[in-house]
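Spelled out, the chains give:
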Amino acid sequence: MKNTELLNTLYKDIKQIILNRQNPVTGLLPASTAITTHGDYTDAWVRDNVYSILSVWGLSMAYKRHGETERKDQLEQATIKLMRGLLQSMMRQADKVETFKHTLDSMDCLHAKYDTHTGLPVVGDAEWGHLQIDATSIFLLMIAQMTASGLRIINTLDEVDFVQNLIYYIAFAYRIPDYGIWERGNKINNGKTEINASSVGMAKAALQALDGFNLFGPNGSPRAVVHTIPDAVSRARNTLARLLPRESLSKEVDSAILSIIGYPAFAVGDEALVQKTRNKILTELGGEYGCKRFLWDGHQAANEDHSRIHYEHSELANFESIECEWPLFYTYLYIQSLFEDDKQQAQAYRDKLESVMVHIDGKGLLPELYIVPEDKIEAERKKPGSQQRIPNENLPLVWAQSLYYTGLMLDTGLIEKDDLDPLQLRNRSTAKNKTQIALVVLAENDKVKKELAANGVVAESIDDIHPLKVMSAASLVDTYQIVGKNSSLNLTGRPKRRFQGLATAQTYNINKQEYLCLSSLQHEAKDYQLFDAQLASANLTSELNHIARHWINEEAAVFTYMVDQAMCDAKDANVLFSTLKDLQLRSTASNVGYASAALAFRASRVNHLWVNNRQVTPIASSEPCEQTQHYSFDLSLLNKDIATALNKLDTDQASAQQLDAWLSEFTMEQQMGTGITFQQLVEGIYSEAEYQQNWLTARQCFSVLNYAHRDISEDLSLLCARHIAITIGANQHITFDHANIDLDELITAIDKVTQSPLERSLVQELLVILGYTIRTNTSLFNGLRSIDLHNLLAVCANHAECSDMTYQVLGSLAPFELMSKVQATLEIQYQEYNLDVAASIAQHSTQKGLHALDTDWLEWRSARGLITRFDDEFLSDIYQSLDNTNKLIFAEHVDAEEVLDCELIRSSMTSREESFASLLDKLIQHFHPIYFKAAIIETLYAYSQYCKANPSVRFEQPIVLGELLEKAAVNFVQSKGKVKSGDRNLDCLLQESTEVLQSQVQEYLASIAK
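The rules behind these values
Residues numbered from 1 in each chain as written. Predicted model: local features only at pLDDT ≥ 70, side-chain atom pairs only at ≥ 80, totals over all residues. Heavy atoms only, no water. Helix = DSSP H or I, 4+ residues; strand = E, 2+ residues; numbered from the N terminus. Rg over C-alpha atoms; globule rule 2.2 N^0.38 Å. Buried < 20%, exposed > 50% of the residue type's maximum accessible area, 1.4 Å probe, protein only. Contact = heavy atoms within 4.5 Å. Pairing = 2+ DSSP bridges. Axes fitted to C-alpha atoms, helices over the stretch in contact; angles between N-to-C directions. pLDDT = per-residue confidence, 0-100. Phe/Tyr/Trp six-rings, centres within 6.5 Å; stacked < 30°, edge-to-face > 60°. Salt bridge = Lys/Arg side-chain N within 4 Å of Asp/Glu carboxyl O. Left-handed = near helix turned anticlockwise from the far one by under 90°. Core = buried A, V, L, I, M, F, W, Y, C linked by side-chain atoms within 4.5 Å. Disulfide = S-S within 2.5 Å. Domains from an automatic or database assignment. Buried area = accessible area lost by both parts, 1.4 Å probe. Polar contact = N/O pair within 3.5 Å; in protein donor to acceptor, adjacent residues only side chain to side chain. Nonpolar A, V, L, I, M, F, W, Y, C, P; charged D, E, K, R; others polar. Arc of directions from axis to C-beta. Parallel < 35°, antiparallel > 145°, perpendicular 65-115°, else oblique. Lys, Arg positive; Asp, Glu negative; His and termini not counted.

(A) Region of the structure containing the overall build of the protein chain. For the protein chain, the count of helices and strands is 41 helices and 28 strands. The globule rule puts the C-alpha radius of gyration for 1010 residues at 30 Å, and the 32 Å found for the protein chain is close to it. By principal-axis analysis of the C-alpha atoms, the protein chain measures approximately 100 × 85 × 50 Å. The 1010 residues of the protein chain split such that 61% are buried. Long-range contacts, defined as pairs at least 24 residues apart, comprise 74% of the intrachain contacts of the protein chain with a sequence gap of at least 6.

Here it is as structure tokens:
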């Protein structure tokens, strides 16, 4: 009886507050009926509509449980009508979906809101922050959840294809800067997009929910199944782990994250990270009326200038402690407490929500936000939380009201947790069991199979596994270009971007033919790295570890690895054979072991793809062959002098030098004999160098032939998506700091700033190594905000600066050796400088006895200057020191461009903002050589510590860090009394310990302080 009464009350309220606003034609809802100075809320925002209909959907399930069919049907149809209304509005913009998949450009995206009455766009592409990945993602997530609950939202195959393309649309959320949930990007509302945790998390949830999901329901046509790429989920997870508890570069914390660490996304499986993030939100943003959106949020504050959307940098600090509080966020906390069975906490949030409701005609309504009145601003600043706030006129915020009703139904037992989360996303964020990986080794032919057997490796040939077939990762990419293709909507399938190990560790049934997919490590490319068995062995092991860490399916992962004749002929092939043998015997890892192709397929996650007009070309077995020479022409046809010179090339160094000489003499089209061009000759030299493991020559040929590692733009995008700026060039520089980089654009840039073929190859190889390492050993990049590739090359060669000798030394190394050097350098940097800056400096400056006198301080600074890490304490000290001067100049002269305006920064950024750390990193990166950059960081540290110890001191003139260091050096030399002939003052100081440098800088600061 009590439930019936509550149901009827909720029905009456939801009908009046929500359903009565639903447009009878489009099914869409206005965000509110308010039209204020802050905007026209009568439009239909995608996000608001989805959240607003959740309570209607929830109430339909409550009536279903209660056995009342009439109202259940009415509420279900209202839910379906709204979701289909949004679908129709988006499908009218299918051209945008198609374009955006390829460009990821904010001007090509779906609109964030539509006209409530027509479903048509209401503002232009450039007139709103339309790119809101979280809005598209919550729509997709709820299509899946609602369909799983029994609703039929998607009706046609055209609509299935459109949803498949929406999956592609959000798949790269981990690297797409968007305007975010608040629609304006950077917190100063300047329209600058950022990678937002709340968008990445919602996309991750949608991708997981829709993976292998049938949009027509559990008994629907197999053609209605949509697919996601597991690597997209993995990358989103990695991005969240890096970002949280931050929201973005400019927002150190944001209450929007509540939507992804709990209901509805359940996107974070790390409970410790969830708790840390929630606590930070409540501590820094929580209030009596709700939570603030983010720190220094001026939206609708009483002292906000309503005549413009954006803020000046200098005015953000005006909103400190008086940011508006939103009851909305307590609705998320209310529902999540119920999901966690924390009744006491749920009751507390319910009480808070009901205490801030505005009652009109006997109904409690949740306003959008609560404002500090203008006449109480100063009192609130002095004592935050002391003043009574007033609601704004946007009443109710339907989104918040709907979530409150949803929570109330869950709280009172009208619905259950499985009603709101039928897909069990709350239990799917992480794998519960140790991943089992079936290792399938295939041989190119019987000859290779026998050679593998002789080395203890069990392999099957292509013929052995019939009727199973094998495809390459590239063929799988080509196949997905058809999945979702729809000529009626002018939609293609997935853009041609590479797959990673998680996608190729699944198996496939394509048009009723079963396939294994070769590992993504094995690609068809003219790549000298493929001839290094040590590298192949190391990458194989790392890839298996990566799959084991990120696999979240219950079925076994299948790692299919094919060995060909070229791999068997490699000089160090025994290394690879040994690795494969140990893995098959489970000697390396207990969760990786031998499996036949048939057994592996049966135990695997099978993706069923229906692809029209597409025949996958399987990999075929090849005939054994004996290749004694690697030239495509008869060597006797070469000119005599060329043939003679070629015969004398008995070492790697000699081959490289001869190639250099020929390059200065011949063009690529020039004839070198009868029907033989210089290009053909270089191709032959390249092939011979690969087999002989003449790495210097191979790298030179690779660039001379204008080859490129085909995935380096993806590698660079992966780095930039983590907010790591990559600088290329020894003399002239190009810096990449955005995550959508075209391969041709990147190769053109590399060609522009590199001076030799060897340098060009090494820069590309570095990007491959860094891209692979950030995917398989992400923690090494913690705290990094920039990497100068040429500085990295110099440190790997133990050189103070990058030079031709650097390229010669590194170019002679095997690819595995180079990768090991790069990863060891990153590891040393991580281990040594993962301490805070103070400890990093102190552990060297205070050393006594054995090591203090032996330290080469110039070498130490060269290593220290490679990578700049700013820990929280150092950042806080720098931020506080901005009070002591007007300008900090990161250069050697007062008129330089690298200026930090102290007052402006303190009024527009907080010390814990990632954008503050990124700004400092950017200002420091131009210093060269790298030991000088390290000394500048030490100087900055000395300055910050001096200000910390003397908070009242004031410097009237700008602090020029390079000049400050130079003056300290002059004083040091004068106090020392003598200097080696020819040494500069600065050189003398840089050869001293960090303790000496700190002391000299602080002494000079004391002499100029007021």
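(B) Geometry of the sheet that holds strand E25 (residues 786-788). Taken in spatial order, the three strands of this open sheet run E24-E23-E25, and their pairing is mixed. With one partner strand each, in any of the chains shown, strand E24 (734-736) and E25 form the two edges of the open sheet. In this sheet, adjacent strand axes meet at a mean angle of 15° when their direction is disregarded. Relative to E25, strand E23 (residues 725-728) runs parallel, the two being bridged by three bridges. From the neighbouring strand, Ile 726 faces E25, where its bridge partner is Ile 787.

(C) Spatial organisation of the confidence of the model for the protein chain. With 94% of its residues at a pLDDT of at least 70, the protein chain reaches an overall mean of 89. The lowest-confidence element of the protein chain is helix H33 (residues 837-845), averaging 57 in pLDDT; the highest-confidence one is helix H5 (residues 133-148), averaging 98. Note that pLDDT drops below 50 for residues 846-853; the model gives that stretch four contacts with residues more than four away or on any other chain.

(D) Focus on the packing of aromatic side chains. Applying the stated criterion across every chain, the model contains 29 aromatic pairs. With a centroid separation of 5.5 Å and 85° between ring planes, the pair formed by Tyr 879 and Phe 916 is classed as edge-to-face. You can see Tyr 879 sitting in helix H35 (residues 872-881) and its partner Phe 916 sitting in helix H37 (residues 914-924), a full 37 residues away along the chain. By relative accessible area, which is 0% here, Phe 916 ends up buried.

(E) View of the pattern of salt bridges. This structure, assessed with the given rule, holds 40 salt bridges. Between Lys 948 and Glu 873 there is a salt bridge, with its nearest N and O atoms 3.7 Å apart. Of this pair, Lys 948 sits in helix H38 (residues 930-949) while Glu 873 sits in helix H35, and the two are 75 residues apart along the sequence. Look at Glu 873 and you get partly exposed, because its relative accessible area is 43%. Bridged by salt links that share partners, the residues Glu 252, Lys 280, Glu 284 and Arg 912 form one connected network.

(F) Inspection of unusual backbone geometry at higher detail. The omega torsion across Tyr 263 and Pro 264 is 5°, close enough to zero to call that bond cis. Tracing the backbone through its elements, the reader meets Pro 264 in the loop between helix H9 (258-261) and helix H10 (271-285).

(G) Main features of the sheet that holds strand E28 (residues 959-960). Sheet architecture is open: three strands sit in the order E27-E26-E28, paired in mixed fashion. Looking at strand neighbours, the two that pair on one side only are strand E27 (899-901) and E28, the edges of this open sheet. Where strand E26 (residues 887-889) lies against E27, three bridges are found, and the strand directions are antiparallel. Across the sheet, the residue bridging to Leu 888 is Leu 900, located in E27.

(H) Spatial organisation of the packing of helix H25 (residues 678-692) against helix H26 (residues 695-704). Where H25 contacts H26, the two axes come as close as 9 Å, and the packing angle between them is 145°. The handedness of the crossing between H25 and H26 comes out as left-handed. Contacts from Val 682, Ile 685, Tyr 686 and Ala 689 of H25 reach H26 at Thr 697, Ala 698, Cys 701, Phe 702 and Val 704.

(I) A look at the side chain of Arg 235. Locating Arg 235 in the fold gives a position in helix H8 (residues 230-243). Those residues in contact with Arg 235, other than ones at most four positions away along the chain, are Tyr 174, Arg 498, Gln 500, Glu 714, Leu 718 and Arg 775.

(J) Main features of the nonpolar core. If you look at the biggest cluster of nonpolar residues, it comprises 242 residues, and the most contacted ones within it are Leu 59, Phe 139, Met 142, Phe 162, Phe 781, Phe 890 and Leu 940. Beyond its immediate stretch of four places on either side in the chain, Leu 59 contacts Leu 7, Leu 10, Tyr 11, Ile 14, Leu 75 and Met 409.

(K) The arrangement of the state of the cysteines in detail. Under the criterion given, the structure shown has zero disulfides. Lacking any disulfide linkage, Cys 802 is separated from the closest cysteine sulfur, that of Cys 796, by 9.9 Å. Considering cysteine sulfurs only, Cys 902 is the nearest to Cys 947, which forms no disulfide, with 9.4 Å between them.

(L) Up close: the domain arrangement of the protein chain. Along its sequence, the protein chain is carved into domain 1 (288-420), domain 2 (433-609), domain 3 (635-704), domain 4 (708-841) and domain 5 (857-1008). A straight line from the C-alpha centre of domain 1 to that of domain 5 covers 44 Å. Facing the seven residues of domain 1 at the interface are eight residues of domain 5. Here domain 1 and domain 5 share an interface that buries about 520 Å² over both sides, 70% of which is from carbon and sulfur atoms. For the interface between domain 1 and domain 5, the tally reads two residue pairs in polar contact (both at pLDDT 80 or more). Its residues assigned to classes, the side of domain 1 that touches domain 5 shows four nonpolar, two polar and one charged.

(M) Examining the pairing of strand E16 (residues 507-510) more closely. Here E16 shows a buried face lined by Thr 507 and Asn 509 and a second buried face lined by Tyr 508 and Ile 510. As defined by bridge partners, E16 adjoins strand E20 (residues 606-609) across four bridges and the pair is classed as parallel. In the strand pairing of E20, Asn 509 is matched with His 608. Sheet analysis places E16 next to strand E17 (residues 513-517), joined by three bridges and oriented antiparallel. Note on E17: the bridge partner recorded for Ile 510 is Gln 513.

(N) Inspection of helix H23 (residues 640-647) at higher detail. Inspection of H23 places Ile 642, Ala 643, Ala 645 and Leu 646 among the buried residues, and these make up the whole buried set. One face of H23 carries all of its buried residues, which in axial projection span an arc of 165°. With respect to the buried face of H23, the exposed residues turned more than 90 degrees away are Lys 640, Asp 641 and Asn 647. Along its buried surface, H23 packs onto helix H24 (652-665), strand E21 (671-673) and H25.

(O) Representation of the environment of Pro 422 within the structure. Along the chain, Pro 422 falls in the loop between helix H15 (417-420) and strand E13 (437-443). Using a relative accessible area of 25% as the deciding quantity, one classes Pro 422 as partly exposed. Spatially, the C-alpha atoms of Pro 422 and Gly 150 are 9.8 Å apart, while their sequence positions differ by 272 residues. In this structure, Pro 422 is in contact with Gln 145, Ala 148 and Ser 149, ignoring residues within four places of it in sequence.

(P) View of the packing of H24 against H25. Taken N-terminus to C-terminus, the directions of H24 and H25 make an angle of 165°; their axes are 12 Å apart at the nearest point. It follows that H24 is roughly antiparallel to H25 by the angle criterion. Like other packed secondary-structure pairs, H24 and H25 cross with a definite hand, here left-handed. In this structure, H24 uses Leu 659, Trp 662 and Leu 663 to contact H25, whose residues at the interface are Phe 678, Leu 681, Val 682 and Ile 685. Residues belonging to the contact of H24 with H25 are distributed by class as follows: seven nonpolar, no polar and no charged.

(Q) Spatial organisation of the side chain of Arg 722. Within the secondary structure, Arg 722 sits in the loop between helix H27 (712-721) and E23. For the buried residue Arg 722, which engages in no salt bridge, the nearest side chain bearing the opposite charge is Glu 914, 9.4 Å off. Not counting residues up to four positions away in its chain, the partners in contact with Arg 722 are Arg 242, Ile 774, Thr 778, Phe 781 and Asn 782.

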